[in-house]
Amino acid sequence: MTKTTLKNPRRKQAAKPQPSLADVLPIGPNNFYRMSDGPRFFGYKLSQLDIKIRQGLIPAPVMLSDNGRAVGWLGQTILDWQASRVAKLAKHMRDAVAS
């Protein structure tokens, strides 16, 4: 005799998280983005992001409040950093094709 598994009809399915507006809208050059948004824009977890900032590989965030607890980046700073990464990749690709 085979054992069958019955699904509990009363068991709720886990709800899928809805994306926030910040997840679907493009980066606004005049908007500020908090440190917690950094992983989404720079591609590193917060701990690695902190190391990259100290190494000077990612622009340092600015203070968004007088007491310094809230820090983040201006959207244009993020866009400039991303453009520099794309330019570096394009140069690398050109050099690879030329050789």
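What comes next is a walk through the structure. As the structure is a prediction and not an experimental result, all values here were calculated from the model. Sequence order as written defines the numbering, with residues in each chain counted from 1. It should be noted that, the model being predicted, local features are given only for residues of pLDDT at least 70 and side-chain atom pairs only at 80 or more, the latter also being counted only at that level, while totals for whole chains, interfaces and linings use all residues. Hydrogens and water are ignored here; the side-chain numbers use all heavy atoms of the structure.

1. Focus: a nonpolar patch on the surface
Applicable threshold: Surface patches are defined over residues having more than 30% relative accessible area and no salt bridge, joining like charges when they lie within 9 Å and nonpolar side chains (Val, Leu, Ile, Met, Phe, Trp, Tyr) when within 5 Å. We get accessible surface area from the Shrake-Rupley algorithm with a probe of 1.4 Å; when it comes to residues, only the shown protein chains can shield them. Basic side-chain nitrogens of Lys or Arg form a salt bridge, by our definition, when they fall within 4 Å of a carboxyl oxygen of Asp or Glu. Only runs of H or I of at least four residues qualify as helices and only runs of E of at least two qualify as strands under DSSP, and these elements are numbered from the N terminus.
A cluster of nonpolar side chains, Phe-32, Val-62, Leu-64 and Leu-74, forms an exposed patch at the surface whose accessible area comes to about 310 Å². Tracing the backbone through its elements, the reader meets Val-62 in strand E2 (residues 62-63).

2. A look at the pattern of salt bridges
Which entries qualify depends on this criterion: With a 1.4 Å probe rolled over the protein chains alone, any residue whose accessible area is under 20% of its type maximum counts as buried; one over 50% counts as exposed, and the rest are partly exposed.
All chains considered together, the criterion is met by three salt bridges. A salt bridge links Asp-37 to Arg-40; its shortest N-O distance comes to 3.4 Å. A residue is classified by how much of its surface remains accessible, and Arg-40, at 34% relative accessible area, is partly exposed. The salt bridge partner of Asp-50 is Arg-54, with a shortest N-O separation of 2.7 Å. Taken together, the residues span about one helical turn, with Asp-50 and Arg-54 both in helix H3 (residues 46-55) at a distance of four residues.

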